[in-house]
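Spelled out, the chains give:
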Amino acid sequence: MQISETIYLVGSEQFALSHILDCNCYLIDYGEGLALIDTGLGLGVEDLLRNIRSHGFDPKSLTHILITHYHLGHWGGAPKLREITDAKLCVPASARYWLEHVAEDLTIQQNLQFGRWPKDLDPKSCSPDEVFNDGDRIRLGGGSVDAIVVQGHTKDSTCFLWEHNGYRAIFTGDVVFYSGMIGLINSEGSSLDDYRRDMKKLEDLEIDGLFPGHSVFVLRNGQKHINRAIRKLADFVLPEMFFETNEFMWQNDYAASLNE
Ligand SMILES: [Zn+2]
């Protein structure tokens, strides 16, 4: 699904573009090649490839796979996609450990234990090709993507800022969603203190497109949604939490209904 001049949605559970357990996976056409932001859990890789081809692109043109954070639902498809395309797998520096030690990832255990993921899922560790830190600029041909680490959902959560022809897009992973909902969860590394401190990094960025890792994206005035989260984090009432509000989406009965 083409969503702007240079951005395509090629994987997503809500938009039924790929496997029901996939996050939103965005493709950037930077002119000289393609970059994919997040890959989904790994069960929808063939769907992603089909969607990339449906826009007239050769998956071999994929040069970068950029991962927003270490949660498996965002990078599980990366090893297979890297094998097929030879793209470089680039992850936040502090995500490296978790990609290389999936057996220690509590969130994987939680998702298996609470029946959100198939019991036979058996994720494998993998090593990234490159890591980036807060403030790093990732070159994509003549353009670039800026990495902004915003802790709160996880310690490694990174937003990617991409500007093209004056259009400013931000890919926020699970940091901030439509209407300013935040991705605070009951799991290791998630912290409201971190949110209060780091969300301000997204102030005054004059964002047009807000492209989160789940649910709807917005094409204009994305900054307004971000500003709502910043304002709520300054107040004493808890901000709305995306994963609480949308919990039904990861339940078995909802997943099963999509298969009917
Ligand atoms: Zn996450």
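Up top is the structure these notes are about.
Sequence order sets the numbering: in each chain, residues are counted from 1 along the sequence as written. Since the coordinates come from a predicted model, pLDDT governs what is reported: local features require at least 70, and pairs of side-chain atoms require 80 or more to be given and counted, while whole-chain, interface and lining totals use all residues. To obtain the side-chain values, all non-hydrogen atoms of the structure were included, while hydrogens and water were left out.

Overview of helix H7 (residues 222-234)
Its 13 residues give H7 an end-to-end C-alpha distance of 19 Å, which sits within 8% of 18 Å, the value for a rise of 1.5 Å per residue. Among all positions of H7, only Gly-222, Gln-223, His-225, Ile-226, Ala-229, Ile-230 and Leu-233 are buried. Seen from one end, H7 has its buried residues packed into an arc of 165 degrees, which puts them on one side. Seen from the open side of H7, the exposed residues pointing more than 90 degrees away from its buried face are Lys-224, Arg-231 and Ala-234. Residue contacts are counted whenever heavy atoms from the two residues lie within 4.5 Å of one another. Put simply, DSSP marks the helices as runs of H or I at least four residues long and the strands as runs of E at least two long, and each gets a number from the N terminus on. Of the surrounding secondary structure, the elements contacted by the buried residues of H7 are strand S10 (167-173), helix H6 (192-198) and strand S11 (209-212). Expected helix span is given by 1.5 Å per residue-to-residue step, counting one fewer step than there are residues. The classification of residues rests on relative accessible area computed with a 1.4 Å probe and restricted to protein chains. Under 20% of the type maximum is buried, over 50% is exposed, and intermediate values are partly exposed. Along the arc lie the directions from the helix axis toward the C-beta atoms.

Remarks on the coordination of the zinc ion
Metal coordination here is assigned from N, O and S atoms located within 2.8 Å of the ion, or within 3.2 Å for Na, K and Ca; omission of water means that sites may look incomplete. Those protein atoms acting as donors to the zinc ion are His-69 (NE2), His-71 (ND1), His-153 (NE2) and Asp-174 (OD), and they sit at 2.1 to 2.2 Å. Relative to the metal, the 4 donor atoms surrounding the zinc ion lie at angles of 91 to 167 degrees, and the coordination shape comes out irregular. Overall, His-69 belongs to the buried group, its relative accessible area being 0%. In short, tetrahedral needs four donors with all angles between 85 and 135 degrees, square planar needs four and octahedral six donors with opposite donors over 155 degrees apart and all other angles between 65 and 115, and whatever is left is irregular.

Thoughts on the sheet that holds strand S5 (residues 88-92)
Ordered in space as S1-S2-S3-S4-S5-S6, the 6 strands form an open sheet in which the pairing is mixed. Pairing within the sheet leaves two strands with one partner each, and these edge strands are strand S1 (7-11) and strand S6 (130-132). Across the sheet, the mean angle separating the axes of adjacent strands is 25 degrees when strand polarity is ignored. As defined by bridge partners, strand S3 (residues 34-37) adjoins strand S4 (residues 62-66) across 4 bridges and the pair is classed as parallel. Considered in S4, the bridge of Ala-35 is made with His-64. Lines fitted to C-alpha atoms define the axes, with helix axes restricted to the stretch in contact, and inter-axis angles between N-to-C directions lie between 0 and 180 degrees. Against the sheet, helix H1 (residues 45-54) makes contact with S1, strand S2 (25-29) and S3, and its axis sits at roughly 150 degrees relative to S1, the strand it touches most. Strand pairing is assigned whenever DSSP detects at least two bridges linking the two strands.

Some points on the sheet that holds S10
The sheet built from 5 strands is open, its strands ordered S7-S8-S9-S10-S11 with mixed pairing. Of all strands in the sheet, those bounded by a partner on one side alone are strand S7 (137-140) and S11. Shown here is a sheet whose adjacent strand axes are inclined to one another by a mean of 20 degrees, direction ignored. Where S7 meets strand S8 (residues 143-149), 4 bridges bridge the pair, whose relative direction is antiparallel.

Some remarks on the layout of surface pockets
As a volume, the largest pocket reaches approximately 640 Å³. Note on definitions: the grid is 1 Å and covers protein atoms alone; a cavity is a set of points where a 1.4 Å probe fits but cannot get out; a pocket is an open set with protein on both sides within 12 Å along at least five of seven lines; lining residues have an atom within 4 Å of a point. Around the largest pocket, the lining comprises 23 residues; the ones closest to its centre are Gln-110, Asn-111, Arg-116, Ile-185 and Phe-243. Residue assignment for the lining of the largest pocket shows that the elements contributing at least two residues are helix H2 (72-75), helix H5 (106-113) and helix H8 (242-245). Each residue belonging to the lining of the largest pocket can be placed in one class, and the counts come to 9 nonpolar, 10 polar and 4 charged. Taken together, Leu-41, Gly-42, Leu-43, Leu-72, Trp-75, Gly-76, Pro-79, Lys-80, Leu-121, Asp-122, Pro-123 and Lys-124 make up the lining of the second largest pocket. Secondary-structure elements contributing two or more residues to the lining of the second largest pocket are H2 and helix H3 (78-85). In terms of residue class, the lining of the second largest pocket is made up of 7 nonpolar, 2 polar and 3 charged. Grid points are joined across faces, edges and corners, and a volume is the space filled by probe spheres set on the points. For this scheme, ten residues count as nonpolar: Ala, Val, Leu, Ile, Met, Phe, Trp, Tyr, Cys and Pro. Four count as charged, namely Asp, Glu, Lys and Arg, and the remainder, Gly too, count as polar.

With respect to the pairing of S3
In S3, alternate side chains face the same way, and those of Leu-34 and Leu-36 on one face and Ala-35 and Ile-37 on the other are all buried. Sheet topology places S2 next to S3; 4 bridges connect them, and they run antiparallel. Within the sheet, the bridge partner assigned to Ile-28 lies in S3 and is Ala-35. The hairpin formed by S2 and S3 contains 4 residues between the paired strands, and Gly-31 there has a positive phi angle of roughly 100 degrees.

Observations concerning the packing of aromatic side chains
Side-chain rings of Phe, Tyr and Trp (the six-membered ring for Trp) are treated as a pair once their centres are within 6.5 Å; stacked means planes under 30 degrees apart, edge-to-face means over 60, and tilted covers the remaining angles. All told, the structure shown has 12 aromatic pairs when counted by the stated rule. Grouping aromatic residues by their ring pairs yields a cluster made of Phe-15, Tyr-26, Phe-171, Phe-211 and Phe-217.

By themselves, these observations are geometric and do not establish any function.
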